[in-house]
Amino acid sequence: MSPVTRNIHLEEMDGFEFENLCKVIFERLDYGEVELQPPVGDGGKDLLIFSPQGKIVVECKHQPNTSIGRPIVQKLHSATISEGAVKGIVVTTGKFSRQAMEHASELSPTIELVDMAMLRDLASRAGIHLMCGKETAPIHTYHVLTENEVSDVTANHLSHDMISHPAVIGDVLSIKGLDVSLRPVYRITYKIDAVFATTVGVLHRECSSGQLFIDGCDGVDIQGGVADYFASTPYDKMVRWEDVAARSHTRSRAFQIQRTSAKEKALGAIIQNHTQTIVYHGRNNQRYTKVCAPTRNDIFIDSISQEYIPEYQADYLLAGRSQKMMFAANGTPSIHVVDDSTATCPICRSHISGSRSLCNECGLVTCTKSSIFKRRRHALQCEICGMTLCPHCASYVRRSLLLKKIVCSRCGDDLARRGKRVRKLLPAR
Ligand SMILES: [Zn+2]
Ligand SMILES: [Zn+2]
Ligand SMILES: [Zn+2]
């Protein structure tokens, strides 16, 4: 187990994103409130930090393999003075020339120089793993369940909704076949801050952060339950993929798309998910609608990490009958079920969303829809021993002209031996 930090690859960032990254780092390290400066006409300042000691002016240079010279330091120093700031910081993804360092050491207010090595250090203290060049982040996955664990989680999942008497579900369930497939995904976390204004003022502000999963094979934005399920997985439940891939019962599908195209797909999906149509009234009291779609500059991609999501297909016998369940599991006791063969009643073919019943004689799993007519019910119980039964296995004895007493085969045989007339509830199939 290793704690997962956010991974950012510097080569995927443009200058604007780099400024945003610096903002996030300074914020996370509690320098103070950080403000991005308008990109045009900046006199050597990209960020303003309002620290408890006073203003700090920051210049961000995303120029790997470049040496920052003395003029940049000079320019920032002038900006520091004109801004009335207590300090200036130059951050670069490259390094500083000797002249720049010598010059900076003589200045007041102080100009701090942060080169790539120092930046990585700051970032890692802020929980961000900065990568550059050919460097790649470790790929994570989730604890892969063993066959016994699959049996347990399946039984546990079924027990929530399934009535069974006297058999305990875990005791009558056995795994017959198990296929574990690791699905490659990009987990992308982002922040969005978009303001939509017209002549009548600010209409709408979209300000939030989120996470999404992009399929590593086809680039599709994985939405819905699976994404929510994995988005909420605690980081300490994640493990290194290499350790898991060595195990024989898993197979991993390969990543087909690159990080950069995953990022493009994510940006498209984020813009789409955060686009809203706002209705407002103009000065002339006329009603207008405006489609508020954030632009790429409103979105900051916080991290892109590669993961494998374990998907399971379990074939199992339940009370002697073959069943199948497909689910995803994140290593916590709860699983995310995608498909479950017991969720369709074999008698009425309807989808069972809630409680279902396991016939302890034949293993049929049926819905529990009620009817005043016992022969129309799909789930019954022996009125002597309590065994759960399907209508095909149920027998009855008459209590009165109208009342039938449902019994299982064994209780029925007992009654028959004592001279009672026992009949099948349904005619033989
Ligand atoms: Zn039914
Ligand atoms: Zn049955
Ligand atoms: Zn019985």
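Since we're looking at a predicted model, the values are computed, not measured.

Colleague: Talk me through the coordination of the zinc ion (ligand 2); I want residue IDs and the actual numbers.
Modeller: Here the zinc ion (ligand 2) is held by Cys359 (SG), Cys362 (SG), Cys390 (SG) and Cys393 (SG), and the distances to it run 2.2 to 2.3 Å. Considering all 4 donor atoms around the zinc ion (ligand 2), the spread of angles at the metal, 105 to 114°, places the coordination shape in the tetrahedral class. We note that the donor set of the zinc ion (ligand 2) lies within a single chain, spaced as C-x2-C-x27-C-x2-C. Summarising the burial analysis for this pair, Cys390 and Cys393 share the class buried.

Colleague: Which residues make up the coordination of the zinc ion (ligand 3), and what are the values?
Modeller: Looking at the zinc ion (ligand 3), the protein donor atoms are Cys382 (SG), Cys385 (SG), Cys408 (SG) and Cys411 (SG), and they sit 2.2 to 2.3 Å from it. Its 4 donor atoms give the zinc ion (ligand 3) angles of 99 to 118° at the centre, a pattern that matches the tetrahedral case. We note that the donor set of the zinc ion (ligand 3) lies within a single chain, spaced as C-x2-C-x22-C-x2-C. The exposure classification of Cys408 matches that of Cys411, with both residues buried.

Colleague: Tell me about the packing of aromatic side chains, and please be specific about residues and values.
Modeller: Counted under the stated rule, the structure contains 8 aromatic pairs. An angle of 85° between the planes, with centres 4.9 Å apart, marks the rings of Tyr229 and Phe230 as edge-to-face. For the pair Tyr229 and Phe230, one class covers both residues: buried. Ring centres of Tyr280 and Tyr288 lie 5.5 Å apart, and the angle between their planes is 25°; on these two criteria the pair is classed as stacked. Given a relative accessible area of 33%, Tyr288 falls into the partly exposed group. An aromatic cluster of at least three residues, connected via ring pairs, comprises Tyr186, Trp241, Phe255 and Tyr308.

Colleague: An account of helix 5 (residues 147-161) is needed here, citing residue identities and associated values.
Modeller: Taking 1.5 Å per residue as the helical rise, helix 5 with its 15 residues ought to reach 21 Å, and the 22 Å between its terminal C-alpha atoms agrees with that figure. Within the sequence span of helix 5, burial applies to Val150, Ser151, Val153, Thr154, Ala155 and Leu158. For helix 5, the secondary structure elements touched by its buried residues are strand 11 (162-163), strand 12 (173-198), strand 19 (299-318), strand 20 (321-329) and strand 21 (335-340).

Colleague: Provide a residue-level description of helix 4 (residues 116-125), including the pertinent values.
Modeller: The complete set of buried residues in helix 4 reads Met116, Leu119, Leu122 and Ala123. The buried side chains of helix 4 occupy one side of the element, clustering within an arc of 120° when seen end-on. Exposed side of helix 4, more than 90 degrees from the buried face: Ala117 and Arg125 are the residues found there. Contact partners of the buried residues in helix 4: helix 1 (15-28), strand 6 (87-92), strand 8 (110-114) and strand 9 (128-131). Downstream of helix 4 by a residue or two, Gly127 has a phi angle that is positive, lying close to 80°.

Colleague: So what's going on with the sheet that holds strand 23 (residues 365-367)? Residues and values would help.
Modeller: Strand order in the open sheet made by the 3 strands is 11-22-23, with mixed pairing throughout. Each edge of the open sheet carries a strand with a single partner, namely strand 11 and strand 23. By the bridge criterion, 2 bridges tie strand 11 to strand 22 (residues 356-358) in an arrangement that is parallel. Paired with Ile163 across the bridge in strand 22 is Ser357.

Colleague: How would you explain the pairing of strand 20 if you had to name every residue and give the values?
Modeller: In terms of strand pairing, strand 19 meets strand 20 through 8 bridges, oriented antiparallel. Looking at strand 20, one finds that Leu317 is bridged to Ser322. With antiparallel pairing between neighbouring strands as the criterion, strand 19 and strand 20 make up a hairpin whose turn holds 2 residues, including Ala319 at a positive phi of roughly 50°. As judged from the 5 bridges shared by strand 20 and strand 21, these two strands associate in the antiparallel manner. Note on strand 21: the bridge partner recorded for Ala329 is Ile335. Between strand 20 and strand 21, which pair antiparallel one after the other, the connecting turn spans 5 residues, and Gly331 there sits at a positive phi close to 95°.

Colleague: Give a description of the nonpolar core that names residues and reports values.
Modeller: Ranked by size, the top nonpolar core spans 53 residues in total, and within it Leu318 and Phe327 carry the most contacts. Taken together, the elements giving at least two residues each to this core come down to helix 5, strand 12, strand 13 (201-215), helix 6 (225-231), strand 15 (238-240), helix 8 (259-273), strand 19 and strand 20. When residues of this core are assigned to domains, at least three fall in each of domain 2 (140-175 + 313-343) and domain 3 (181-309). Once residues lying within four places of it in the same chain are set aside, the contact partners of Phe327 are Leu145, Val150, Val153, Thr154, Pro310, Glu311, Tyr312, Ala314, Ile335, His336, Val337 and Val338. Counting 27 residues, the second-largest nonpolar core is a separate cluster that includes Cys22, Ala123, Ile128 and Phe300.

Colleague: How would you explain the side chain of Glu206 if you had to name every residue and give the values?
Modeller: By the element assignment, Glu206 lies in strand 13. Look at Glu206: it is buried, it has no salt bridge, and the nearest opposite charge is Arg205 at 9.5 Å. One polar contact links Glu206 to His274, side chain to side chain, over a distance of 2.7 Å. Excluding residues within four positions of it along the chain, Glu206 makes contact with Ile192, Asp193, Ala194, Phe196, His274 and Gln276.

Rules behind the numbers
- Residues numbered from 1 in each chain as written.
- Chains lettered and ligands numbered in written order.
- Predicted model: local features only at pLDDT ≥ 70, side-chain atom pairs only at ≥ 80, totals over all residues.
- Heavy atoms only, no water.
- Donors = N, O, S within 2.8 Å, 3.2 Å for Na, K, Ca; no water.
- Tetrahedral: all angles 85-135°; square planar, octahedral: opposite > 155°, others 65-115°.
- Buried < 20%, exposed > 50% of the residue type's maximum accessible area, 1.4 Å probe, protein only.
- Phe/Tyr/Trp six-rings, centres within 6.5 Å; stacked < 30°, edge-to-face > 60°.
- Helix = DSSP H or I, 4+ residues; strand = E, 2+ residues; numbered from the N terminus.
- Expected span 1.5 Å × (residues − 1).
- Contact = heavy atoms within 4.5 Å.
- Arc of directions from axis to C-beta.
- Pairing = 2+ DSSP bridges.
- Core = buried A, V, L, I, M, F, W, Y, C linked by side-chain atoms within 4.5 Å.
- Domains from an automatic or database assignment.
- Lys, Arg positive; Asp, Glu negative; His and termini not counted.
- Salt bridge = Lys/Arg side-chain N within 4 Å of Asp/Glu carboxyl O.
- Polar contact = N/O pair within 3.5 Å; in protein donor to acceptor, adjacent residues only side chain to side chain.

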